[in-house]
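Architecture and fold: a report
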Amino acid sequence: MNHVYTVENKEIDVEIKKQKISQHFASIIEELGLDLNDPSIKDTPERVAKMLVNETCNGLFSNPPIITTFPLDKNTSRELVVIENIPFSSLCEHHFQPFVGTATIAYLPNDRVMGLSKGARVLDYFASRPQIQERLTNEVAAYLYEQLNAKGVFVMIKAEHFCMKVRGVKKHQSATITTASLGDIDKKDVLSSIQLAKMK
């Protein structure tokens with residue numbers, strides 16, 4: 001099986017990545033004074049390496065998703081398209097604690113619309129790396145705006161950060177909301193449409 005991937009013209013051998021990360025994490029475990037011979041811990045370095053490379057940081061070792069689009073005929077509306085409550089998880093780059101939440105993606109189509117699952121795939125791609133929420137919001141908006149050739153794109157993310165829940169200030173109920181808009185789209189129109197849909 002080929003474990004070598006080309007990302008941004010660079011070849012990455014993910015198996016070697018996992019081996020190196022596993023070795024480093026084993027050193028961290030030992031430095032904490034834990035016993036690597038403990039049956040419950042001995043495979044933890046490998047599990048952490050696999051989790052980081054295959055899941056939570058997979059966006060560092062893969063290419064962005066291709067967005068499937070479909071042409072609109074002259075009789076189809078070019079009005080607002082909103083996809084809301086898209087769940088995601090990411091990893092805060094400041095403390096390597098997860099942050100989890102939902103995203104709303106809205107866009108004004110030009111002459112094409114995207115497959116509905118593609119917005120979620122774009123979100124997952126940019127979330128699968130050490131991140132900050134502000135950058136994630138802007139990256140999703142910018143990528144969709146470029147790939148869709150849309151008149152405008154709006155992205156809103158609401159998330160809870162475990163770096164605030166389990167350390168530091170330990171505020172368990174706090175949530176952070178970030179937005180990004182590009183092109184000819186009105187944030188108030190998007191929010192009004194969402195609120196109107198909830199009332200029906």
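Above this text sits the structure in question.
Heads up: these notes are all about the structure in this document. (Residues numbered from 1 in each chain as written. Predicted model: local features only at pLDDT ≥ 70, side-chain atom pairs only at ≥ 80, totals over all residues. Heavy atoms only, no water.)

**Comments concerning the overall build of the protein**
What the protein contains, in helices and strands, is six helices and nine strands. Considering only C-alpha atoms, the protein reaches an extent of 65 × 45 × 25 Å along its principal axes. Taken over 200 residues, the protein has a buried fraction of 37%. Counting every atom, the protein has about 12,300 Å² of accessible surface; 51% of that belongs to carbon and sulfur. Taken together, the 24 basic and 24 acidic charged side chains of the protein have centroids lying 5 Å from each other. (Helix = DSSP H or I, 4+ residues; strand = E, 2+ residues; numbered from the N terminus. Buried < 20%, exposed > 50% of the residue type's maximum accessible area, 1.4 Å probe, protein only. Areas by Shrake-Rupley, 256 points an atom, 1.4 Å probe, with all protein chains shown as cover. Lys, Arg positive; Asp, Glu negative; His and termini not counted. Charge placed at Lys NZ, Arg CZ, Asp CG, Glu CD.)

**Here's the deal with unusual backbone geometry**
One non-glycine residue, Phe 96, lies in the positive phi region at around 55°. For Phe 96, the location among the structural elements is in the loop between β4 (81-92) and β5 (98-108). For Phe 96, a relative accessible area of 45% puts it in the partly exposed group. Even without being a glycine, Lys 170 presents a positive backbone phi close to 50°.

**Here we look at the pattern of salt bridges**
Summed over all chains, the structure comprises four salt bridges. Where Glu 93 meets Arg 135, a salt bridge forms, and the shortest distance between an N and an O atom there is 3.0 Å. One end of the pair, Glu 93, is in the loop between β4 and β5; the other, Arg 135, is in helix α4 (residues 133-148), and 42 residues separate them in sequence. When its relative accessible area of 29% is taken as the criterion, Glu 93 is described as partly exposed. (Salt bridge = Lys/Arg side-chain N within 4 Å of Asp/Glu carboxyl O.)

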